[in-house]
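So the chains spell out like this:
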Number of protein chains: 2
Amino acid sequence: MTQTAIDPIPRSQAEINQAKIAKTLHQQGTLSRAQIARALHLTAPAISKLAARMIDQELIQEVGDMPGAGNRRSIGLRLKYEGYKVCAVKFARSRIQIGLFDLAGHPLQLMELPSINEASIPKAVTDVQIEVQKFINRDPTIIAVGIAVPGPYLRNEGRIALVTSMQGWRGINFIEAFNDAFTVPTFIEQDARAGALAQSLFVPAFSSTNLAYYLVGEGVGLGVIEQGNLINGAQGGATELGHISIDINGKTCECGNQGCLERYCSAVAIHQAMCQPPYVSHLADASNLNHAAACQLLFYRAEQGDELAQTLVEHIADYVGYGCVNIVNAFNPAHIVIGDIVAGAGQPLLERVRAIVAKRALPALNNQTHICLSHLPADATLMGAAAVAVSNFLLYPTYFARLVQKRTMNSVGKQQSHTTTMPPANQTKGHLPRKDNI
Amino acid sequence: MTQTAIDPIPRSQAEINQAKIAKTLHQQGTLSRAQIARALHLTAPAISKLAARMIDQELIQEVGDMPGAGNRRSIGLRLKYEGYKVCAVKFARSRIQIGLFDLAGHPLQLMELPSINEASIPKAVTDVQIEVQKFINRDPTIIAVGIAVPGPYLRNEGRIALVTSMQGWRGINFIEAFNDAFTVPTFIEQDARAGALAQSLFVPAFSSTNLAYYLVGEGVGLGVIEQGNLINGAQGGATELGHISIDINGKTCECGNQGCLERYCSAVAIHQAMCQPPYVSHLADASNLNHAAACQLLFYRAEQGDELAQTLVEHIADYVGYGCVNIVNAFNPAHIVIGDIVAGAGQPLLERVRAIVAKRALPALNNQTHICLSHLPADATLMGAAAVAVSNFLLYPTYFARLVQKRTMNSVGKQQSHTTTMPPANQTKGHLPRKDNI
C-alpha cells in the first residue's frame, strides 16, 4: 500500500500467514484460534503453530477466556499493540507536526515545530531528522517512521511535483533526506493518501470498504482506497483532486491548469478571500494570522452568528461540495471523509456539501455514498503518517518483531556498557532492509 | 476484474497455478517450461506436471523447438487460442453490435443489429438473446458471452443509472435479461471499462501498465486499470468522466450536474452543434444522419480542408483535451488511449489534445503520460466485451476447458441422436456456476 510494498522483501509462507493473522486481529480485535482459522481458511493446527510463534515473538498475546463454540470457553488472542510504536511526521506547507502513536493509532505524544517560510525549509528538514531520531533513541519499541508530504508527490522519485504557495518544498528530495536518516525504516506517502490509510486502519467501520479521504487544508487533496488498495497512478500523481478543474475558464493555477478546485476552497484561498472586500473590513485582523488560524477565526465568527462570515463559509462549502461531486463521479467510494483545516467549519459545511452532492450526483450513487467529517482523535494526516508505518508493520510483522528484539537488546547493552552502538539500517530508496541484513 | 471476480468459484492450488500459466502465456506468447517456472517462481517439476494437465485439457499446446539455455533446444508452450471463442455484444445508445472473437482478440465475425430508438429497446434485447444463442449453438468452442453496456452501470444491480439522450435503457436489468439467457456463462461490464480491458489484454505494449481507455462516442466514458485491476468504485459507478463537470456553471445535464464533459464533446453534442448556427447552413445534411454518421461527415469535411468543419473539430478536440487533463490529475495513468466515434477525427484531434495536456497538466506528469488513439482491429468496446469474457477464461481456464469438452460431447451426441440437449448453465447474478455443478 505504501512505497515499500512495490518491492517487498521475500517472505516465507509462514511469514505471509502470520501477516494475515496480524491483519485479521487488527481489523477484528480479540479472536480465538478457531475464529482465526475460520477467517483465514486455514486448519486449527496450522493456526496453533503460527500463533505459538507469534506469542514467542511478542507479536500477539493471550487475553483469557472468551465465549467459544457450545458451552466451551476458549482463549482469546490479540495484537500486542502496546509492544510497538511508530513515529509520525506531517509536512504541510508552513507547518510540521510530529507524533508518537501505538499500533492502534492512539496518540501518545504530539509536538509542532516552529512555523516555516520559504527560507527556513532546509533547516526544517534537518530539525525533523534530529527531533525524530531523539524519539527513536529514547524508546526501543519504536519500529518505524511514517512521513506524510503534500501532493502531487512523485513517490518513485521522492519529490513533490508542485506545492502551490510554497514552491521551496520542490527542492527537497524526501527519499534522499529521510531514507537513511533514522535507525528504523522510513515510509513516505502523499498526505491525503496517508489520511485515507488512517481512516481505513484506525476507524473500524471503514476497515473493509471503498473510502475517500478528502483533505481540505492548506492544499486540497484526496486519497482513495479501492478494494483494499490505495489508488496511486503510474507515478503517484493520481487522485489530485485539488488540480481537477471545476471551471476550464476559471482562475489560473501554478500547476498550469485553470479553475483548479484548490484555488477556491483551500485554507490559502479562504485566507486570501478574508483579506479582500467585502470581508477585509469585517475580518481585518486575519492578515496577521497564518492560514489555519485565519480559517479558525472565520469559522468561530460564523458560529457566533456573524452573517458575513456565514456567507463566506457557505460559499466555501459549495466549492467543497463541487469537489465531492467529482469524487463521487470519479471514484464512487462508499464513504467520503472530509478532514483537515476546512473541516473545522463543522456541521453547517457538512450539510451544505451533502445538499450539493444530492443535487448534482446521480441519485443511485448519492443514496449509497456516506459523507462525514473526520473523527480521528488527532490530525488525520499526522495519523496518516502513523498509518503508513502501521500498514507496513501489518505486512511484515515478523520483520518488525525481530527489529524490536534487536533494538531492545542493543538498548540494554548500551545502558550496561555505553560502547555498543546501533548499526544503521541498510536501506535503499525507502525500502525495507534486505532480509539477510536483519 | 469483472463481475464474476467478486464471487469467484473456489479453486485448488493447482487450478490457481494453471490460471497463472495461462495468464503468463497470454501476456508473453510462447515460452518454454523453464521460462514459465522462472516467471512464476515455481519448480520445473511442478510446471511440467501442470503443463501436462493443461495439454491434456487442450488449454495449451507444444509448438516445437525454441532456443533454450546453452546450446540446448527446448519445447515451446503456447495457449491454444483457436480452441476457444467468445461472443461479444456492444450495447451503445442507438446501436448494437455482435462479434465472435478468439482468445487473442482476433475478430472472426461481426454483425450489427438494426438501429434502435426508445420504443424498440425491449425488442432489441430479445433480438440479442436470439442472435447470440444462434452463434453459441453453431459452435461448441464458444465458451462465454461478454457484454458491454453504457455507464454509469451499477454492476451489482445490473442496471444503467443514466443514459443521456436515451433514457429507455434504464428500464433494462441486464443481469436479469442475460444471466440465464445463454447456455454458456455471461459477463457484463461498463463499456469504457471493457474497452480498457481490451487494450490491456489484446495490445502487448499495454499488458502490465496503468492504463486509461477514454471512450468518446455517443457518451463519454472512461475505464482505468490501476496496478492490474479495473477501478470500479463501490457500486461500479467510478471513472464516470463524462459526468465530471468542467464548468460548475455550465450546461445542465440529465444527471443533475452542470457542465458535464459529455455535454461538450460526445457524438451527440457534436451532432447537435452541426445542426445549429454557424454549422447548420454549412453541414445541413447532417440532420438526417445518425450521430456516428454525422461525426464521420464532419471529420471527412475537415480532412478535405473545409475551414468551418476544421474549426468545429478543433473546438471538440479542446474539450476532449480538458477531459484528458482530468484523467491525468485523477488517475495518472501511463497510457491514455482515446477510442470510439470521436477518435475518428484522427491525428489533428490527437495533436490538439496533447497540446492541451502539455499546457494544463503538471510537466512531471505530462512527460510520462503517453496519449494515443486506439489501434485495435475492431471497435474497442466490442473487443472490450470480448475481453471481459477472455479475462474470465484466464482466471478460470480449467473450468472453461471442461465446459468446451462437455459442449463438444453434447454437440456430437446431438448430431448422432438428436435427443441429448445441453443442460442450461446454473447461473445466478452473472456468476459462474458453482463448482459442483460443472
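Residues numbered from 1 in each chain as written. Chains lettered and ligands numbered in written order. Predicted model: local features only at pLDDT ≥ 70, side-chain atom pairs only at ≥ 80, totals over all residues. Heavy atoms only, no water.

An unreviewed UniProt entry lists chain A under the name N-acetylglucosamine repressor, with Bombiscardovia coagulans as the source organism. Recorded under Sequence similarities (unreviewed entry), the UniProt text for chain A is reproduced unchanged: "Belongs to the ROK (NagC/XylR) family." (UniProt positions renumbered as here; feature names shortened; annotations may be inferred.)

A.B. asks: Help me get a handle on the packing of aromatic side chains, residues and values and all.
C.D. replies: All names here are of chain B. Going through the model one piece at a time under the given rule, you end up with 25 aromatic pairs over all chains. On the basis of an interplanar angle of 80° and a centroid distance of 6.3 Å, the ring pair of tyrosine 153 and phenylalanine 174 is categorised as edge-to-face. With tyrosine 153 in strand β8 (residues 153-154) and phenylalanine 174 in helix α5 (residues 174-178), this pair connects stretches of sequence that are 21 residues apart. On the accessibility criterion, phenylalanine 174 (0% relative accessible area) is buried. (Phe/Tyr/Trp six-rings, centres within 6.5 Å; stacked < 30°, edge-to-face > 60°. Helix = DSSP H or I, 4+ residues; strand = E, 2+ residues; numbered from the N terminus. Buried < 20%, exposed > 50% of the residue type's maximum accessible area, 1.4 Å probe, protein only.)

A.B. asks: Before we move on, can you summarise the relation of the copies chain A and chain B with the specific residues and values?
C.D. replies: Least-squares fitting of chain A to chain B yields an RMSD of 0.0 Å, with the superposition described by an axial translation of 0.0 Å and a rotation of 180°. Such values leave the two copies arranged in the relation of a two-fold axis. Residue Asp247(A), judged by its C-alpha, is the member of chain A lying nearest the rotation axis, at 2.0 Å. Most of the interface of chain A is mirrored in chain B, where 100% of its interface residues again form contacts. (Least-squares fit on C-alpha atoms with pLDDT ≥ 70 in both. Contact = heavy atoms within 4.5 Å.)

A.B. asks: Describe helix α8 (residues 267-274) of chain B, and please don't skip the residues or the numbers.
C.D. replies: Residue and element names in this part refer to chain B. With six of its eight residues buried, α8 lies for the most part within the structure. Among the residues of α8, Ala267, Val268, Ala269, Ile270, His271 and Met274 are the ones counted as buried. Looking at the packing, one finds that the buried side of α8 touches α7 (262-265), α9 (291-303) and α10 (307-331).

A.B. asks: Can you explain the side chain of Gln18(A)? Please cite residues and give values.
C.D. replies: On the secondary structure map, Gln18(A) appears in helix α1 (residues 13-28). Residue classification places Gln18(A) among the buried positions, given a relative accessible area of 2%.

A.B. asks: I'd like to hear about the interface of chain A and chain B, residue by residue, with values.
C.D. replies: Between chain A and chain B, the contact holds 47 residues from the first and 47 residues from the second. If you sort the residues of chain A by the area they bury against chain B, Ile248(A), Arg360(A) and Leu362(A) come out on top, with a joint share of 19%. Across the chain A-chain B interface, the total number found is zero salt bridges. The dominant element in the side of chain A that touches chain B, judged by the number of residues it contributes, is helix α10 (residues 307-331) of chain A, at eight residues. By residue class, the composition of the side of chain A that touches chain B is 24 nonpolar, 17 polar and six charged. (Buried area = accessible area lost by both parts, 1.4 Å probe. Salt bridge = Lys/Arg side-chain N within 4 Å of Asp/Glu carboxyl O. Nonpolar A, V, L, I, M, F, W, Y, C, P; charged D, E, K, R; others polar.)

A.B. asks: So what's going on with the sheet that holds strand β4 (residues 85-91) of chain B? Residues and values would help.
C.D. replies: Residues and elements named next belong to chain B. Taken in spatial order, the five strands line up as β6-β5-β4-β7-β10 in an open sheet, and their pairing is mixed. Among the strands making up the open sheet, the edge pair consists of β6 (107-112) and β10 (186-190). Neighbour-to-neighbour, the strand axes of this sheet turn through a mean angle of 20°, independent of strand direction. Taken strand by strand, helix α4 (residues 121-138) contacts β4, β5 (96-102), β6 and β7 (142-149), and its axis lies near 20° from that of β5. Packed onto the sheet, helix α6 (residues 191-202) meets β7 and β10 and runs at close to 105° relative to β10. (Pairing = 2+ DSSP bridges. Axes fitted to C-alpha atoms, helices over the stretch in contact; angles between N-to-C directions.)

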